[in-house]
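Observations on the three-dimensional arrangement
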Amino acid sequence: MATTAQTGSPHLRPARISKLGIAAVVATVVLWASAFVGIRAVGPSFSPGSLTLGRLAIAAVVLGLVVLPQLLRKGSSLPRGREWWPILAYGVMWFGGYNVALNAAEHLLDAGTAALLINVNPILVAIMAGLILKEGFPRWLIIGSLVAFGGVAVIALGSGQRSTADVTGVLLCLLAAALAAVSVIVQKPVLRKLPAAQATWFGILVGAVCCLPFSGQLAAELQAAPLPATLGLVYLGIFPTAIAFTTWAYALSLIDAGRLAATTYLVPGTTILISWLVLGEIPTVWGLVGGAICLVGVGLTRRRSR
């Protein structure tokens, strides 16, 4: 199944895989977009490191309820020897480093600048997937990515009149984007051997261990946090972390990394819609136009060169 997905041939890709992949992508985009709203809501109560540890700890427990029974079945086996290296790598970089860096960056940057910088990630993934995973550089993937990135830029320009683009915040955001991009490339081969839920759970455990130095801070902030903030932390752990990272891994096992990464250009526009519905933040014309451009760009990435 993985080999068929990597070829990218429309004649070899079964329709069922395409539908399952699209469903997983939609779930990932919506839940990851909701994370920005959730982080904004709980941000005053939790610092970047403790927020990351809290999310990962909750996700580890919830996803463990699904994965542990699978691992205890006869015939199942854990990764061995060198098979752990890529899991450790994306666990440290993505679940640990990326989340801490992004949380810290959002304390220093306005939302528009952060969205623009983070969306360097799909371009980095497309380049590395072409070079390392040998997915090539399909013409429509490049064109669609550039169009979608332009849409994100429009959203960023219209997100506010004043920019607080602190140099440290910019560097943290670029670091987060780079860590996520490398992690996608590292995770792709792992998914040829492990189910999506297991690959995600192992990565979450690694990230949580890396964030254990923030445990004292998390305990103190949990005691002081109001109930809505604590419930928000639980939501972030279950939905954007345990569920969304699993649906992402599942989609990545079916779809080329470059094409899948391009769909994350839909996250900023979806975030605007969720903020409108949940927080009553009315989207600007720039946000609506930018979101429409992102939709067009992602649609172009799905075209195939003849």
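Presented here is a report on the structure given in the accompanying data block.

Criteria and cut-off values
- Residues numbered from 1 in each chain as written.
- Predicted model: local features only at pLDDT ≥ 70, side-chain atom pairs only at ≥ 80, totals over all residues.
- Heavy atoms only, no water.
- Helix = DSSP H or I, 4+ residues; strand = E, 2+ residues; numbered from the N terminus.
- Buried < 20%, exposed > 50% of the residue type's maximum accessible area, 1.4 Å probe, protein only.
- Contact = heavy atoms within 4.5 Å.
- Areas by Shrake-Rupley, 256 points an atom, 1.4 Å probe, with all protein chains shown as cover.
- Polar contact = N/O pair within 3.5 Å; in protein donor to acceptor, adjacent residues only side chain to side chain.
- Patch = residues over 30% accessible without salt bridge, like charges linked within 9 Å, V, L, I, M, F, W, Y side chains within 5 Å.
- Salt bridge = Lys/Arg side-chain N within 4 Å of Asp/Glu carboxyl O.
- Axes fitted to C-alpha atoms, helices over the stretch in contact; angles between N-to-C directions.
- Parallel < 35°, antiparallel > 145°, perpendicular 65-115°, else oblique.
- Left-handed = near helix turned anticlockwise from the far one by under 90°.
- Nonpolar A, V, L, I, M, F, W, Y, C, P; charged D, E, K, R; others polar.
- Expected span 1.5 Å × (residues − 1).
- Bend = angle between axes of the 7 residues up to and from the residue.
- Phe/Tyr/Trp six-rings, centres within 6.5 Å; stacked < 30°, edge-to-face > 60°.

For the chain, the helix and strand inventory stands at 14 helices and 0 strands. Helices and strands in the chain line up, N terminus first, as α-α-α-α-α-α-α-α-α-α-α-α-α-α. Residues counted as buried form 52% of the 306 residues belonging to the chain. A sequence separation of at least 24 residues applies to 91% of the contacts in the chain between residues at least 6 apart. Surface accessibility of the chain: about 14300 Å² in total, with carbon and sulfur atoms responsible for 71%.

Note that Ser-47 resides in the loop between helix 2 (15-42) and helix 3 (48-72). According to the relative accessible area criterion, Ser-47 is buried, its value standing at 16%. Within the structure, the side chain of Ser-47 is placed 2.9 Å from the side chain of Glu-221, a separation counted as a polar contact.

Quick look at a nonpolar patch on the surface now. A cluster of nonpolar residues, Ile-127, Leu-131, Ile-132, Phe-137, Ile-142 and Leu-146, forms a patch on the protein surface that exposes about 580 Å² of accessible area. Of all the elements in the fold, those that place two or more residues in the nonpolar patch are helix 6 (121-131) and helix 7 (139-157). Position of Ile-127 relative to the elements: it lies in helix 6.

Let us look at the packing of helix 3 against helix 9 (residues 196-210). Contact geometry of helix 3 with helix 9 gives a least axis separation of 9 Å together with a crossing angle of 140 degrees. Overall, the two elements helix 3 and helix 9 adopt an arrangement that is oblique. The crossing of helix 3 and helix 9 is left-handed. Together, Leu-53, Leu-56, Ala-59, Ala-60, Leu-63, Gly-64, Val-67, Leu-68, Gln-70 and Leu-71 of helix 3 and Ala-197, Gln-198, Thr-200, Trp-201, Phe-202, Ile-204, Leu-205, Gly-207 and Ala-208 of helix 9 make up the contact between the two elements. Taken together, the residues of the contact of helix 3 with helix 9 sort by class into 14 nonpolar, 5 polar and no charged.

Under the 1.5 Å per step criterion, the end-to-end length of helix 4 (residues 84-105) is 30 Å for 22 residues, consistent within 8% with the ideal 32 Å. If you look at helix 4, its biggest bend is around 35 degrees, right at Gly-97.

What follows covers the packing of helix 4 against helix 8 (residues 167-190). Running from N to C, helix 4 and helix 8 point in directions that differ by 155 degrees, and their axes come no closer than 8 Å. Here helix 8 runs roughly antiparallel to helix 4, going by the angle between their axes. Helix 4 and helix 8 meet at a crossing whose hand is left-handed. A per-class count over the contact of helix 4 with helix 8 returns 21 nonpolar, 4 polar and no charged.

One pass over the full model with this rule turns up 11 aromatic pairs. Here a set of aromatic residues connected by ring pairs shows up, and it is made of Trp-32, Tyr-90, Trp-94, Phe-95, Phe-245 and Trp-248.

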